[in-house]
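Remarks on the overall topology
Listed here are the chains, written in short residue letters.
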Amino acid sequence: MLKQEFKDRIEALVGKDRCSFAPEDLIIYSYDANAEKRAMPEGVVSPETTEEVAAILKLANEYEVPVVPRGGASGYTGGVVPVCGGMILAMDRFNRILEIDRDNFLVIVEPGVITRELQETVDKLGLMYPPDPASTAFSTIGGNIAENSGGLRAVKYGVTKNYVMGLEVVLPTGEVVRTGSKCIKDVVGYNLTELFVGSEGTLGVITKAVIRVVPKPEAVRTMTATFRTLEDAAEAVKAIFATGVRPSTLEFLDRISVEVVERAIHFGAKPEEGALLLIEVDGPDIALDGDVKHIEDACGKCGVITFRKARSDEEREELWKARRALSFAVCEISDQWEDDDISVPISRIPQMIRKLDEIAERHKIIIYNFGHYGDGNIHVGMTTGKDGRPFPMEAKDEVVQAAVSLEGRIAAEHGIGCVKVHNLHWNIDEPTLRMMRSFKKLLDPKGILNPGKVMPKE
Amino acid sequence: MTDEKKAALDNLKKVVKEELYKCIRCGECRTVCPVFRETPAERYTARGKMQIAEALAEGRLEFTEHVREALDNCLLCTGCAAQCGSEARADRVIMAARQAFAEELGLPAIKKAISFALTQGNAALGAEARVGALFQPLLFRGVPGDSGLYRRFAMPAVDERQYIPRLAAVPFRKRVKFAGKAEWPAVTFFTGCMTNYAMTEIGDSMVKVFNALEIAVRVPSEQGCCGMPMLISGDRAAVRKAAERNVRALAASGPEEPIIVVCASGGHMLRHGYHELFGDDPELGPLLEGIAARTMDVTEYLAARVGVERIAALVGEGPVLAVTWHDPCHLRKAQKLTREPRAVLAAAARSPVREMAHPEACCGLGGTYCLTHMDLSKRIQTRKIEDAAASGADCIATACPGCIMQLRDGVRRGPRPDMQVKHVIQILAEAL
Ligand SMILES: Cc1cc2nc3c(=O)[nH]c(=O)nc-3n(C[C@H](O)[C@H](O)[C@H](O)COP(=O)(O)OP(=O)(O)OC[C@H]3O[C@@H](n4cnc5c(N)ncnc54)[C@H](O)[C@@H]3O)c2cc1C
Ligand code: SF4
Ligand code: SF4
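Every value quoted in this text rests on a predicted model; they were computed, and no experiment measured them. (Residues numbered from 1 in each chain as written. Chains lettered and ligands numbered in written order. Predicted model: local features only at pLDDT ≥ 70, side-chain atom pairs only at ≥ 80, totals over all residues. Heavy atoms only, no water.)

1. Let's talk about the overall build of chain A
Worth spelling out the cut-off: The secondary structure listing takes helices from DSSP runs of H or I that are at least 4 residues long and strands from runs of E that are at least 2 residues long, numbered from the N terminus. Based on C-alpha atoms, the radius of gyration is set beside the globule rule, defined as 2.2 Å times the residue count to the power 0.38. Three labels apply to residues, based on accessible area from a 1.4 Å probe with only protein chains included: buried if under 20% of the type maximum, exposed if over 50%, partly exposed otherwise in between. We call two residues in contact whenever any of their non-hydrogen atoms come within 4.5 Å of each other. Each accessible area value is a Shrake-Rupley result obtained with a 1.4 Å probe; residue values ignore everything except the protein chains displayed when judging cover.
Helix and strand counts for chain A come out as 14 helices and 18 strands. Taking 23 Å as the expected radius of gyration for a compact globule of 458 residues, we find that chain A reaches 23 Å, a close match to that expectation. Taken over the C-alpha atoms alone, chain A extends approximately 70 × 55 × 40 Å along its principal axes. The buried share among the 458 residues of chain A stands at 57%. For chain A, long-range pairs separated by at least 24 residues make up 72% of all intrachain contacts whose partners lie at least 6 apart in sequence. Carbon and sulfur atoms make up 52% of the accessible area of chain A, which totals about 20,100 Å².

Below is the structure:
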């Protein structure tokens, strides 16, 4: 229960309009895009300035009230779900792009800016902000940084952390720190920026970010290649990388995914096609024909069945269709899906898929896989089908452990949040966890900032 | 609990059940919401409103004025529903919740006041014109005798200068019953309130264009308000009355004759609104099918049935008009019409459309929203007008009299007060 005095002081700080303790407001700050996790906060406050954030955190320390920073609340792992109650810190009002520095290829933004808005703004200036999670249209830069979000272009361009040059962060105690700089080469002090990237709102509240952008590639070429097996596709990927060409997108669908999509949209898959790669290259127009040729040859050497190239925007859309259709096509098999987001070193993908097939066999479930081949990030969809059988939850753990056994990670891009904390030890050993805990303790002695996330409670 | 109360609550439960399971709470609807853009708070997003509605339906939340405020602060622009990848219809949920609120707490104070202002002093216009309709407060304040275009509203919460279309001396439907030759193919014209009472030039343009194409225009005089304004306030009984009356009036011209609308909201009601509300009404339900299938927006009819080439030929050579296009929410988002109106407009203007930034952004009218939330409405309007002015066009074309009113109001305060605002059919008629 929040003390009335605390509520009054919050209200005095930001005014009546920017805080609420009303029952309906507590309901609507109890969730994110995770299907299960929900918990009610005790209040919500919507700061507008770094100073306000600092003041709120100081108050929260004084009254020992948990504070949960919240961006677009599109997270999949309950990162913004206030599992210990307390205040939601809604960052929606930090929605300005403060500076665009074309000469230095950087942008200074507030964390509440929607990623798509940043992308569109720099695009007009011939620049590109490469990280493109599927939630680009509605997630915020702050959320992306706090989750170190990935995306389709990660294979060539990397993930969010590769584009964060510096941050302004309010520490849990209310102190404001600045990390990094505008300089590409900068070895001054510890690399604190990366400490906050991916910290899921547990180490500090991001209030400003210096973001790197790149020149916009002149053109994109899109193609698809199908193979008998995922092993063949894996060989093709190796062969593609060996040519020196680095695709900007390298997505795959496994056999079941191909079948499901074919049944739903009839994109022309043949029965023998058991794997599909969706490949894109980008860069100067004149260079791309050569790149495409390299890729076509590489696939040719590895038993490609069908190789398609888009010659127009419509054809590009056509090739993307199979990949995009997946999310609704799977509804035909079942309306109850469990999913997971794991990653393995890319050479291990075929092995991982074999293990997943074994798990499916063992538990008599259907598992389909798709994802970002180029960076080893597999999205695993699991179901018992339409027969109403409850899903065997052990299978889910087995999937994650299979990844761990192949030097993979239990979370690739959707964070740990509050849903994976109990599996953290599968990837993080005791001394490392202890170090993480002491960092947290140092920055947040009272444990008020987003408690219950990333690490299990002691 | 009264029967009405129970019915409204049951309806809310039903709609919540039909729509909420689709929502994965991704928040994509936030990014297109004009209200959220101005006042970023989850309670004004479709995602938040749906969760509130669910809590109300499940009895986890009480019906209070504070909760109602969240549901009322919405333009019902349907932008959220159009954007949603899972096709969750927040607008349906919000309307069902408003109906439940109207039964639980009565009509909202401000809407009651508007309604009161209406019934007082305007009795002369007859009950028919007073069904609590959308623009009546504006229309009736502008009755002849007043001179300029600006009026001060002597109404609660309405204290800004607002453009008011003048009321026509004779309503359109009083003048026109059937225009054209009996042997021509005919269309049935659903005028909507604004065209009937104020912007009668839209109706005249419609007649001119269709007659030039040798199509007769039938105007059933029994038709009335589409019911959207009552729906916005949550007055279901009044909507049903309006629906029944229109359905009967429009059915008279047979099961084949196209029903043409020049008002995006009216089209949305005839095509979807009635069906969603009264589809399983034993009496009204069976009558609705035919109506929805026959209804077409005027631009859709001209593009799909007449053909843009024929329109262009009809227009012929002549002066070029620099036009930009505003997508009415209920045309683009609710009826998915974007190419057709642009094609017709380009032919009428003899020039490609100069697209403004965000042509799809709401104008901020939202039925009575412009009165109940004047501040926010004006802020949304200002963005629209700035985008329109930056397009370099001399005329904003659109296909909804409500939008026209709102845009004319905004233009006069914006960077290009000389810009014209017209219905596309009017531009076409003037080009003939
Ligand atoms: C349909 C869909 C597709 C998705 N696709 C992808 C994908 O392809 N790749 C991917 O990586 N993710 C994806 N996600 C997950 C999610 O969108 C990302 O994790 C995203 O970065 C979350 O951003 P947000 O603004 O919604 O953050 P929120 O969900 O609001 O918050 C996420 C975390 O960040 C913290 N946080 C937010 N703002 C701040 C701040 N200013 N300071 C400190 N901490 C903060 C929160 O406390 C929380 O722990 C997807 C989600 C959905 C619903
Ligand atoms: S209504 Fe649609 S867009 Fe909005 S949160 Fe739900 S699923 Fe996402
Ligand atoms: S209908 Fe329009 S104003 Fe209302 S919630 Fe949806 S997007 Fe926002």
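2. Here we look at the sheet that holds strand β10 (residues 420-423) of chain B
Residues and elements named next belong to chain B. As a reminder, the rule being used: By definition, two strands form a pair when at least two bridges between them are found by DSSP. Inter-axis angles, ranging from 0 to 180 degrees, are taken between N-to-C directions of lines fitted to C-alpha atoms, where helices are fitted over the stretch in contact.
Strand order in this open sheet of 3 strands is β8-β9-β10, and the pairing throughout is parallel. Both outer strands of the open sheet, β8 (323-325) and β10, are each paired with one neighbouring strand and no more. Averaged over all adjacent pairs, the angle separating strand axes in this sheet is 30°, with direction ignored. Of the strand pairs in this sheet, β8 and strand β9 (residues 395-398) are connected by 3 bridges, and their pairing is parallel. Pairing of Thr324 across the sheet is with Ile396, part of β9.

3. Description of the nonpolar core
Condition: As used in this record, nonpolar core signifies buried Ala, Val, Leu, Ile, Met, Phe, Trp, Tyr and Cys residues forming a set joined through side-chain atoms within 4.5 Å.
Ranked by size, the top nonpolar core spans 81 residues in total, and within it Leu12, Ile52, Leu56, Leu270 and Tyr274 of chain B carry the most contacts. The contact partners of Ile52 of chain B, leaving out residues within four places of it in the chain, are Glu24 and Ile28 of chain A together with Leu61, Val67, Ala70 and Leu71 of chain B. Ala264, Leu302, Leu345 and Ala397 of chain B belong to the second largest nonpolar core, which has 65 residues in total.

4. As for the domain arrangement of chain B
All names here are of chain B. Stated formally: What counts as a domain boundary in this text is fixed by an automatic or database domain assignment. Once two parts are joined, some of their accessible surface, as seen by a 1.4 Å probe, is lost; buried area is that loss totalled over both.
On domain assignment, one finds that chain B holds domain 1 (3-105) and domain 2 (307-431). Each of domain 1 and domain 2 has a C-alpha centre, and these two points are 29 Å apart. Contact with domain 1, which involves 14 residues of that partner, is made by 15 residues of domain 2. When the two sides are added together, the surface that domain 1 and domain 2 hide from each other amounts to roughly 1,200 Å², 59% of it contributed by carbon and sulfur.

5. Some details on the interface of chain A and chain B
Rules: Each salt bridge in this description consists of a side-chain nitrogen of Lys or Arg and a carboxyl oxygen of Asp or Glu lying within 4 Å of one another.
At the junction of the two partners, chain A supplies 24 residues and chain B supplies 21 residues. Where chain A abuts chain B, roughly 1,800 Å² becomes buried across the two surfaces, and 53% of that area is made up of carbon and sulfur atoms. When the area that chain A buries against chain B is broken down by residue, the three leading residues are Glu24, Ile27 and Phe138 of chain A, summing to 29%. Where chain A meets chain B, there are 4 salt bridges. Linking Arg43 of chain B and Asp25 of chain A is a salt bridge whose minimum nitrogen-to-oxygen distance equals 3.3 Å.

6. Examining the domain arrangement of chain A
How large an interface is tends to be reported as the accessible area lost when its parts come together. Assigned domains of chain A: these are domain 1 (4-90), domain 2 (97-215) and domain 3 (219-405). Relative to domain 3 of chain A, the C-alpha centre of domain 1 of chain A lies at a distance of 40 Å.

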